[in-house]
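Observations on the three-dimensional arrangement
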Amino acid sequence: MAFTLATWNINSVRLRAGLVEKLLREEAPDVLCLQECKSPLELMPTETFAAMGYGHMVARGQKGYNGVAILSRLPLKDAGHIDWCEKGDARHVAAELENGVVIHNCYVPAGGDVADREVNEKFGHKMDFMAEMRDRFAKDRPRKSILVGDLNIAPREDDVWSHKALLKVVSHTPIEVEIFGQAQEAGGWVDVTRQDIPDGLLYSWWSYRAKDWDAADKGRRLDHIWASADLGAAAHSSRILRAARGWEKPSDHAPVFATFDL
């Protein structure tokens, strides 16, 4: 069984339903994981996606904030969700494919603008979220699992446009990069994108503030696809659809793809 998976922070699934349709029509991933859907479940345009062949979905909705969804052409069943930090946020949902592979779709808090939990509660939330992920993976090491989503951390120096300029900027600070690495190591996760594309600058996010985002190219790789150690060798063909950042009224994130032969 081979399938292609994509992950995309859509920044409002209702506002950008047309872009989701465009992606499904033109790229046709078997599974599409969306974050920041910003919609209660009953208002998500699920019938539209089902009409395009994506009739299987598990999701957690939330009015105006957060929200995660997994759309699929392949049969899957709801594998539950984790209420990270017990805040009631719709930041995680899991689905199990017929072959037993579990897909975890995560939306890690952005963390605000100041990398100091003493003055910025949002940053504290982000650090606690990542610490809880790390501790959970250490206790129950994932098997037959894929974890994707907007993890809101660019871990490598070549995952940002300027390592030096972003050392004090939330998403690339040393303390975030450290806990990101701890979470990845605790779960034995394989960074599929960098396994396939080991060298060079690579981004999945460009700020809305930059009107010349393409020319300036001040991006960050905030969106990730991880595979548990037993699935790492099955992953290939990773890519980031940079062009989607230039679509009309786009998300500030671009979709990330990988294919798995299982």
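How each quantity is defined
Residues numbered from 1 in each chain as written. Predicted model: local features only at pLDDT ≥ 70, side-chain atom pairs only at ≥ 80, totals over all residues. Heavy atoms only, no water. Helix = DSSP H or I, 4+ residues; strand = E, 2+ residues; numbered from the N terminus. Rg over C-alpha atoms; globule rule 2.2 N^0.38 Å. Buried < 20%, exposed > 50% of the residue type's maximum accessible area, 1.4 Å probe, protein only. Contact = heavy atoms within 4.5 Å. Areas by Shrake-Rupley, 256 points an atom, 1.4 Å probe, with all protein chains shown as cover. Lys, Arg positive; Asp, Glu negative; His and termini not counted. Charge placed at Lys NZ, Arg CZ, Asp CG, Glu CD. Axes fitted to C-alpha atoms, helices over the stretch in contact; angles between N-to-C directions. Parallel < 35°, antiparallel > 145°, perpendicular 65-115°, else oblique. Left-handed = near helix turned anticlockwise from the far one by under 90°. Disulfide = S-S within 2.5 Å. Pairing = 2+ DSSP bridges. Right-handed = clockwise from strand over helix to strand, strands pointing away. Salt bridge = Lys/Arg side-chain N within 4 Å of Asp/Glu carboxyl O. Core = buried A, V, L, I, M, F, W, Y, C linked by side-chain atoms within 4.5 Å. Polar contact = N/O pair within 3.5 Å; in protein donor to acceptor, adjacent residues only side chain to side chain.

1. Some remarks on the overall build of the chain
Helix and strand counts for the chain come out as six helices and 14 strands. Compactness check: the chain gives a C-alpha radius of gyration of 17 Å against a globular reference of 18 Å for 262 residues, within 12% of the reference. Its C-alpha atoms give the chain principal-axis dimensions of roughly 45 × 45 × 35 Å. For the chain, the residues scored as buried account for 56% of the 262 residues in total. Long-range pairs, those at least 24 residues apart, make up 68% of the contacts in the chain between residues at least 6 apart in sequence. Counting only carbon and sulfur atoms, one obtains 49% of the accessible surface of the chain, whose full area is about 11500 Å². Averaging the positions of the 33 positive and the 39 negative side-chain charges in the chain gives two centres separated by 3 Å.

2. Looking at the packing of helix H3 (residues 121-139) against helix H4 (residues 174-187)
Where H3 meets H4, the axes come as close as 7 Å, and the angle between the chain directions of the two elements is 20 degrees. In this view, H3 runs roughly parallel relative to H4, as classed from their interaxial angle. Once H3 is placed against H4, the crossing between them reads as left-handed. Facing Phe123, Lys126, Met127, Met130, Ala131, Arg134, Phe137 and Ala138 of H3, the residues of H4 in contact are Ile175, Glu176, Ile179, Phe180, Gln182, Ala183, Ala186 and Gly187.

3. Focus on the state of the cysteines
As used in these notes, a disulfide is a covalent bond between sulfur atoms, one from each of two cysteines. Considering all chains together, one arrives at zero disulfides under this definition. Counting only cysteine sulfurs, cysteine 33 is the nearest neighbor of cysteine 37, a cysteine outside any disulfide, at a range of 10 Å. Residue classification places cysteine 37 among the buried residues on the basis of a relative accessible area of 0%.

4. Describing the pairing of strand E2 (residues 31-35)
The element E2 is largely enclosed, with a buried count of five among its five residues. Residues Val31, Cys33 and Gln35 of E2 are buried on one face, and the alternating residues Leu32 and Leu34, pointing to the opposite face, are buried as well. The sheet contact formed by strand E1 (residues 2-9) and E2 spans five bridges and is parallel. Bridge assignment links alanine 6 to a residue of E2, and that residue is leucine 32. Taken together, E1, helix H1 (residues 17-26) and E2 constitute a β-α-β crossover, and its handedness is right-handed. Note: E2 against strand E4 (residues 68-72), five bridges, orientation antiparallel. Among the inter-strand pairings, cysteine 33 is bridged to a residue of E4, identified as isoleucine 70.

5. Some points on the pattern of salt bridges
Summed over all chains, the structure comprises 16 salt bridges. Between glutamate 176 and lysine 126 there is a salt bridge, and its shortest N-O distance comes to 2.6 Å. Highlighted residues: glutamate 176 in helix H4 and lysine 126 in helix H3, separated in sequence by 50 residues. The pair glutamate 176 / lysine 126 is uniform in exposure class, with both members buried. Each of the salt bridges in this network shares a partner with another, and the network as a whole consists of Arg156, Asp158, Asp159, Asp191, Arg194 and Arg221.

6. Focus on the sheet that holds E2
Ordered in space as E3-E4-E2-E1-E14-E13, the six strands form an open sheet in which the pairing is mixed. Taken across any chain shown, the strands that pair with only one partner, and hence form the sheet edges, are strand E3 (56-60) and strand E13 (235-240). Taken pair by pair, the neighbouring strands of this sheet meet at an average axis angle of 15 degrees, ignoring direction. Pairing between E13 and strand E14 (residues 256-261): four bridges, direction antiparallel. Each bridged residue has a counterpart across the sheet, and for arginine 239 the counterpart in E14 is phenylalanine 257. Across the sheet, H1 is in contact with E1, E2, E4 and E14; its angle to E2 comes to roughly 155 degrees.

7. Quick look at the nonpolar core
Counting 31 residues, the largest nonpolar core has Phe3, Leu5, Val31, Ile70, Ile146, Ile225 and Phe260 as its most contacted members. Excluding anything up to four places from it in sequence, isoleucine 70 contacts Val31, Leu32, Cys33, His56, Met57, Val58, Leu76, Val93, Ala94, Ala95, Ile103 and Asn105.

8. Some thoughts on the side chain of threonine 259
Tracing the backbone shows threonine 259 in strand E14. With a relative accessible area of 13%, threonine 259 lands in the buried category. Within the structure, the side chain of threonine 259 is placed 2.8 Å from the side chain of threonine 4, a separation counted as a polar contact. Dropping the residues within four chain positions of it, threonine 259 is found in contact with Phe3, Thr4, Ala234, Ala235, His236 and Ser237.

Everything listed here is a matter of geometry and, on its own, says nothing about what the molecule does.
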